[in-house]
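Breakdown of the fold
The residues making up each chain are set out below.
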Amino acid sequence: MTPFAIAGIQMYVSATHSNVEGMKHRIDSLMAVYPWVQMVMFSELAAYGPLPSKAHALPGLAETALAEAAAQHEIWLVTGSMFERAHDGHIYNTASVIDPTGTVVGRYRKMFVFAPYEQGITPGNEFFVFDVPNVGRFGMTICYDTWFPEVTRTLAAMGAEVILRPTLTPSIDRDVELSITRATAAVNQCYLFDINGLGAGGYGRSIVCSPHGQVLHQAGSTEEFIPLEIDFDTVRRSRERGLLSLGQPLKSFRDKPVEFAIYQAGAQSPYLDSLGPLAKPERVCINGSEDSDGASSSAYVAATPDTDTPPKENP
């Protein structure tokens, strides 16, 4: 048995004020009750909320403060994510991973930003895995990455046995995400921690799944600590013998008899090209008139303010 204890923290996130002190307080509270926890993770954009105007350079004050908390409690810490303002002026959605000495071992930039809604954010282009010595390998994704199975499949092929996914979902598609999360854990035969926030950080319903696709815990919509001890030997046994001693999807993918042409450089995809631009849907015109390309000629576009307007928060 190779046990390791991970705790997700589902917490209220403000869009207008720093949440860093609240994160540190919750780490203190968690570790007082569950001193056996070895890794803590937060939700997407937990530190400063979902407004790009809060972007800052990394390393920065929040990351440093959280690194000090990690060192104090001698834990691995996944900061959720923050908007990072890079030296080239681009803004990324970036998760930092900190070891028990307070050292940042790496950062992951979200690959699939939630276009066209998450505007002004540059996608990352590098996969990220890291090792906990004498335990196992972890892979990082963030929120909307979950909709693209190629991301998690690549991490699994790189040896990731646990996928950590900070999330910010306040929308009605959370039920679909929960199903995707369970399926992703099963087809990649890995543990998956999907931690959502509250308030401006989402409406909770965080979920943790096993390498067999089983739901180990699903949170409600209130603040919650989610401490679970997992067993890396369960991952290794599943990948050796098969999920529930049945299908062996990772081996079958390795031994695949075909090449997927759509992924080849320069591949043509006329159907995908026919789907039109990646843009917000327009309001349907009530008079039913349409212009030549099938769009309503007098359609209204839902107003999107140019300035940062925080979402309505819980009192």
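Data block above holds the structure.
Description of the structure in this document. (Residues numbered from 1 in each chain as written. Predicted model: local features only at pLDDT ≥ 70, side-chain atom pairs only at ≥ 80, totals over all residues. Heavy atoms only, no water.)

As for the packing of aromatic side chains
For clarity, the cut-off: Pairing of aromatic side chains here covers Phe, Tyr and the six-membered ring of Trp, requires ring centres within 6.5 Å, and sorts the geometry by plane angle: under 30 degrees stacked, over 60 edge-to-face, intermediate tilted. Only DSSP runs of H or I with at least four residues qualify as helices, and only runs of E with at least two residues qualify as strands; both kinds are numbered from the N terminus onward. For a ring to carry a charge above it, either NZ of a lysine or CZ of an arginine must fall within 6 Å of the ring centroid while also lying within 35 degrees of the normal to the ring plane.
Evaluation of the coordinates by the stated rule reveals 12 aromatic pairs. Where Phe 138 meets Phe 232, the ring centres are 5.6 Å apart and the plane angle is 65 degrees; that geometry is what we call edge-to-face. Remark: Phe 232 occurs in helix α5 (residues 232-241) and Phe 138 occurs in strand β9 (residues 136-140); sequence separation between them is 94 residues. Every member of this aromatic cluster is reached through a ring pair, and the members are Phe 4, Trp 76, Phe 128, Phe 130, Phe 138 and Phe 232. Of note, Arg 109 hangs over the ring of Tyr 92, and the distance from its end group to the ring centre comes to 3.8 Å. Just above the ring of Phe 253 sits the side chain of Arg 153; from NZ or CZ to the centre is 4.8 Å.

Some words on helix α2 (residues 61-73)
For clarity, the cut-off: A helix's residues, less one, multiplied by 1.5 Å, set its expected span. Should any heavy atoms of two residues lie within 4.5 Å, those residues are considered in contact.
The first and last C-alpha atoms of α2 sit 19 Å apart over 13 residues, in line with the 18 Å expected at 1.5 Å per residue. Where α2 is buried, its residues touch α1 (20-33), β4 (76-78), β5 (82-85), β6 (91-98) and β7 (104-109). At the exit of α2 stands Glu 74, carrying a positive phi of roughly 55 degrees.

A closer look at the packing of α1 against α2
Selection rule: Between N-to-C directions, angles cover 0 to 180 degrees, with each direction set by a line fitted to C-alpha atoms, over the stretch in contact for helices. Comment on the angle field: the value is read as roughly parallel under 35 degrees, roughly antiparallel over 145, roughly perpendicular from 65 to 115, and oblique elsewhere.
Closest axis-to-axis distance for the α1/α2 pair is 10 Å, and the angle between their directions is 10 degrees. Looking at the two axes, α1 sits roughly parallel to α2. Contacts between α1 and α2 involve Val 20, Met 23, Lys 24, Ile 27, Asp 28 and Met 31 on the former and, on the latter, Ala 62, Ala 65, Leu 66, Ala 69, Gln 72 and His 73.

A short note on helix α4 (residues 174-188)
Quick reminder of the rule: Burial classes follow relative accessibility: with a 1.4 Å probe on protein chains only, a residue under 20% of its type's maximum area counts as buried, one over 50% as exposed, and anything between as partly exposed.
Relative to the 21 Å expected for 15 residues at 1.5 Å per residue, α4 spans 21 Å between its end C-alpha atoms, a close match to the ideal helical length. Within α4, the full set of buried residues consists of Arg 174, Glu 177, Leu 178, Ile 180, Thr 181, Thr 184, Ala 185, Ala 186 and Asn 188. Looking one or two residues past α4, Gln 189 carries a phi angle of roughly 50 degrees, positive in sign.

Examining the side chain of Thr 141
Note the threshold: As used in this structure description, the phrase polar contact means that two N or O atoms lie within 3.5 Å; if the pair is within protein, one of them must be able to donate a hydrogen and the other to accept it, and residues adjacent in sequence are counted only when both atoms belong to side chains.
Relative to the helices and strands, Thr 141 is located in the loop between β9 and α3 (149-157). Look at Thr 141 and you get buried, because its relative accessible area is 0%. Within the structure, Thr 141 has its side chain in polar contact with the side chain of Arg 165 (distance 3.2 Å). Thr 141 has contacts with Tyr 108, Val 151, Thr 152, Leu 155, Ile 163, Leu 164, Arg 165 and Pro 166, leaving out every residue within four places of it along the chain.

Section: the nonpolar core
What counts here: Take the buried residues of types Ala, Val, Leu, Ile, Met, Phe, Trp, Tyr and Cys, join any two whose side-chain atoms come within 4.5 Å, and each joined set is a nonpolar core.
Counting residues in each nonpolar core, the largest one holds 31 residues, and the members touching the most others are Phe 4, Phe 130, Phe 138 and Leu 164. Residues in contact with Phe 4, not counting those within four places in the same chain, are Gln 38, Met 39, Trp 76, Val 132, Val 135, Phe 138, Leu 228, Glu 229, Ile 230 and Phe 232. Ranked by size, the runner-up nonpolar core spans 26 residues in total, among them Val 13, Tyr 48, Leu 66 and Ala 67.

Some points on the sheet that holds strand β8 (residues 129-132)
Our working rule: When DSSP finds two or more bridges between a pair of strands, those strands are recorded as paired.
Spatially, β8-β9-β10-β11-β13-β14 is the arrangement adopted by the 6 strands of the open sheet, whose pairing is mixed. Edge positions in the sheet fall to β8 and β14 (215-218), since each has one partner strand and no second. Neighbouring strand axes in the sheet, compared pairwise and without regard to direction, differ in orientation by 15 degrees on average. The pairing of strand β11 (residues 191-196) with strand β13 (residues 207-209) spans 3 bridges and is classified as antiparallel. Within β13, the residue paired with Asp 194 across the bridge is Ile 207. Taken strand by strand, α3 contacts β8, β9 and β10 (162-167), and its axis lies near 145 degrees from that of β10.

Structural measurements only, silent on function.
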